[in-house]
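This is what each chain is made of:
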Amino acid sequence: MRPVPVALALLVAVPVPARAQDPIDRRLPADRDVAVRLANLVGSTRITGWDRDTVAITGSLPAGVGTLYAGGTRAALKIAVEGPEAAERYAGATLEVRVPRGARLLVKSTSADIAISGITGEIDLGSALGRVTIEGAPRSIVAETVTGNIEVAGAPASVRLRSGGGTIIVRGARGDLTVSTVSGTISVGGGAITRARLESTAGAIDYKGSVAPGGSLEVQTHSGDVTLRLPPATGADVELGTVSGAVSSEFGPVPPATAKGRPRRVTLGDGSAAITVRTFTGAIALVKQP
Amino acid sequence: MTTTDRMPAPDDEPLDPRLARLARELPRDIAPPADLWPAVRGRLAPRRRQWWREPWLQVAAALVAVAAITLAVTRHGGETPAPVAAAGATALDSVPGVEALAPETAAALRRNLAIIDSALAESRRVLAADPGNPDVETMLRLVERQRLELLRQVGRLPRS
């Protein structure tokens, strides 16, 4: 047998493995405050702000199961991993996206983790199961998950976070903050908030920080335990209401309620801030920060 | 014939006097036939909208149904958590779009709904024994709000 036909026969007979990943490398011109709508349901998405008028998309996509769409105008772009296969049937895309710092982001995922940093515009994101991490000082954050954990570090002026069963952690909180979970725990700390509302059905709530004079902190939970770790010099009018939970305070004795179903009242320092805690069965603890 | 008597012609040639006279004799106003307007009005009238096909109304109806189920279960059968959890799962299934969610997502929503419904039942039970208790009423409003938010969240989640 002659060598050339043999080689051809081998080429036909031996399957050539498909590429495991399709590399992604796209660049699109964009305004400084471009609106970016991004959907990557499975895998991971990292978005970073930079000082260029360009949106750059790199990463990888499993071969043969989807395509990357990226297009739009300088003012509004859409980036989406699209494919005929059901999302849960492939490993998912890994996207690294760089956008102008002032970009406004709308990000969606099913199980893809989302990490965002260096953005000064508005962030609005939703994920069912993915973990969400946001760093920096965006103008505002709205984030929602079903079970994915949410972690925010930085100093956004306005933050709205909601999760069903995920843990929510906020570091460096200030300004206006609303956090809500069903069964996930809430941990907020590091800053001086002016207005905060923390609520859960069953998740524990832990707040460590101060409340600005004239500010307000409102905490509500059905069965989660509440721990407020406040500076010794805190000035606040405190209302503590619970149906059957225990109440303790390192700031001094808490008087009994004046009537059934009425909150107990404690004044700390000059009473310049307003702190309200309500639980059904959850315990309430006021702890002095060391 | 003066210039005002004749109609201008494209090439500015004078009109035939007979034609000009006939033109002057034409009526200035022509009244439409008496039965014309109903036909026109019928064509102008907006097509009657099938209001029950509006998507927002379908979602609203589902939420009302869910709220009704919650009230019925938590007012009359709230002593045992199991029926409440089952009602929660049923309530979720009635929300449009839930069938398109990933199975893990739907399962997580059901778990959270069961937790909420147990809390709701507990609040209503205590409130029934101690009507008007402001702490319990506050808790009840909190849990009801969380329940509504959870059901609304279904519509905002991406479909798999």
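Residues numbered from 1 in each chain as written. Chains lettered and ligands numbered in written order. Predicted model: local features only at pLDDT ≥ 70, side-chain atom pairs only at ≥ 80, totals over all residues. Heavy atoms only, no water.

Asks: Quick question: what am I supposed to make of the overall build of chain A here?
Replies: When its secondary structure is counted, chain A shows 1 helix and 24 strands. For chain A, the residues scored as buried account for 48% of the 290 residues in total. Contacts in chain A between residues at least 24 apart in sequence constitute 45% of all its contacts with a sequence separation of at least 6. Carbon and sulfur atoms make up 53% of the accessible area of chain A, which totals about 12800 Å². (Helix = DSSP H or I, 4+ residues; strand = E, 2+ residues; numbered from the N terminus. Buried < 20%, exposed > 50% of the residue type's maximum accessible area, 1.4 Å probe, protein only. Contact = heavy atoms within 4.5 Å. Areas by Shrake-Rupley, 256 points an atom, 1.4 Å probe, with all protein chains shown as cover.)

Asks: Just checking my understanding: could you explain the interface of chain A and chain B for this structure?
Replies: How big an interface is tends to be stated in terms of the accessible area lost upon association of its parts. Contact residues are listed per partner, giving 37 residues for chain A and 33 residues for chain B. Carbon and sulfur atoms supply 59% of the area buried between chain A and chain B, which totals about 2700 Å² over both sides. Between glutamate 144 of chain A and arginine 156 of chain B there is a salt bridge, with its nearest N and O atoms 2.6 Å apart. The interface formed by chain A and chain B contains 9 residue pairs in polar contact (both at pLDDT 80 or more). Among the elements of the structure, strand E8 (104-109), strand E12 (140-145), strand E16 (175-181), strand E17 (186-200), strand E18 (205-221), strand E20 (236-242) and strand E23 (273-279) of chain A are those that each provide at least two residues to the side of chain A that touches chain B. In terms of residue count, the dominant contributor to the side of chain A that touches chain B is E17 of chain A (3 residues). Taken together, the residues that form the side of chain A that touches chain B break down as 9 nonpolar, 19 polar and 9 charged. (Buried area = accessible area lost by both parts, 1.4 Å probe. Salt bridge = Lys/Arg side-chain N within 4 Å of Asp/Glu carboxyl O. Polar contact = N/O pair within 3.5 Å; in protein donor to acceptor, adjacent residues only side chain to side chain. Nonpolar A, V, L, I, M, F, W, Y, C, P; charged D, E, K, R; others polar.)

Asks: Looking at this structure, how should I read the environment of threonine 105 of chain B?
Replies: Looking at the secondary structure, you find threonine 105 of chain B in helix H5 (residues 103-129). Look at threonine 105 of chain B and you get buried, because its relative accessible area is 2%. Taking the C-alpha atoms as reference, threonine 105 of chain B lies 27 Å from serine 123 of chain B; in sequence the two are 18 residues apart. Setting aside anything within four residues of it in sequence, one finds threonine 105 of chain B in contact with Thr110, Ala128, Leu129 and Val146 of chain A together with Leu157 of chain B.

Asks: Before we go on, may I ask you to explain the side chain of threonine 242 of chain A in this structure?
Replies: Relative to the helices and strands, threonine 242 of chain A is located in strand E20. A polar side-chain atom of threonine 242 of chain A sits 2.7 Å from a polar atom in the side chain of threonine 279 of chain A.

Asks: Is there a simple way to explain the packing of aromatic side chains in this structure?
Replies: Aromatic ring pairs: the centre-centre distance and the angle between the two ring planes describe each pair. As enumerated under the stated definition, the model contains 0 aromatic pairs over all chains in all. Taking NZ or CZ as reference, lysine 288 of chain A lies 5.6 Å from the ring centre of phenylalanine 251 of chain A, over its face. (Phe/Tyr/Trp six-rings, centres within 6.5 Å; stacked < 30°, edge-to-face > 60°. Lys NZ or Arg CZ within 6 Å of the ring centre and 35° of its normal.)

Asks: It is not clear to me how the nonpolar core should be interpreted in this structure. Could you clarify?
Replies: Burial of nonpolar side chains together is a common tendency in soluble globular proteins. Counting residues in hydrophobic clusters, the biggest one holds 65 residues, and the most contacted among them are Ile57, Leu105, Ile116, Leu161, Leu217 and Leu228 of chain A. A domain split of this core shows at least three residues from each of domain 1 (20-131) and domain 2 (149-290) of chain A. Apart from residues lying up to four places away in sequence, leucine 161 of chain A is in contact with Ile141, Ala143, Ile150, Val152, Ile168, Val170, Thr178, Val179 and Ser180 of chain A. One finds Ala91, Leu113, Met139 and Leu157 of chain B within the second-largest nonpolar core, a separate group that totals 25 residues. (Core = buried A, V, L, I, M, F, W, Y, C linked by side-chain atoms within 4.5 Å. Domains from an automatic or database assignment.)

Asks: Could you clarify how one ought to interpret the domain arrangement of chain A in this entry?
Replies: When cut into domains, chain A gives domain 1 (20-131) and domain 2 (149-290). Using only C-alpha atoms to locate each centre, domain 1 of chain A and domain 2 of chain A end up separated by 35 Å.

Asks: I tried to follow the pairing of strand E15 (residues 168-171) of chain A on my own but got confused; where do I start?
Replies: Consecutive side chains along a regular strand alternate between the two faces of the sheet. Residues and elements named next belong to chain A. Side-chain alternation along E15 places Ile168 and Val170 on a buried face and Ile169 and Arg171 on a face that remains uncovered. By the bridge criterion, 4 bridges tie strand E13 (residues 150-154) to E15 in an arrangement that is parallel. Residue pairing in the sheet places glutamate 151 in a bridge with isoleucine 169 of E15. Inspection of the sheet shows E15 paired to E17 by 4 bridges, in the parallel sense. What sits directly across from isoleucine 169, in E17, is serine 187. (Pairing = 2+ DSSP bridges.)

Asks: Hey, could you run me through the pairing of strand E4 (residues 54-62) of chain A in this one?
Replies: All names here are of chain A. The element E4 is largely enclosed, with a buried count of 7 among its 9 residues. Two elements, E4 and strand E7 (residues 93-100), share 5 bridges in a ladder whose sense is antiparallel. Opposite glycine 59, over in E7, you have leucine 95 as the bridge partner.

Asks: Before we go on, may I ask you to explain the pattern of salt bridges in this structure?
Replies: One pass over the structure, following the stated rule, counts 23 salt bridges over all chains. Arginine 229 of chain A serves as the salt-bridge partner of aspartate 206 of chain A, at 2.8 Å between the closest nitrogen and oxygen. Of this pair, aspartate 206 of chain A sits in strand E18 while arginine 229 of chain A is found in strand E19 (residues 226-230), placing the two residues 23 residues apart along the sequence. Classification of aspartate 206 of chain A by relative accessible area gives buried; the value is 19%. One network of salt bridges, with partners in common, ties together Glu144 and Arg162 of chain A together with Glu149, Arg152 and Arg156 of chain B.

Asks: Looking at this structure, I do not really get the packing of H5 of chain B against helix H6 (residues 134-156) of chain B. What am I missing?
Replies: Describing two packed helices takes the angle between their axes plus the distance from one axis to the other. Residue and element names in this part refer to chain B. Contact geometry of H5 with H6 gives a least axis separation of 9 Å together with a crossing angle of 155°. Judged by the angle between their axes, H5 and H6 are roughly antiparallel. As for the relative orientation of H5 and H6, their crossing is left-handed in sense. In this structure, H5 contributes Leu109, Asn112, Leu113, Ile116, Asp117, Ala119, Leu120, Ser123, Arg124, Val126 and Leu127 to the contact, and H6 contributes Val136, Glu137, Met139, Leu140, Val143, Glu144, Gln146, Arg147, Leu150, Leu151, Gln153 and Val154. A per-class count over the contact of H5 with H6 returns 14 nonpolar, 4 polar and 5 charged. (Axes fitted to C-alpha atoms, helices over the stretch in contact; angles between N-to-C directions. Parallel < 35°, antiparallel > 145°, perpendicular 65-115°, else oblique. Left-handed = near helix turned anticlockwise from the far one by under 90°.)

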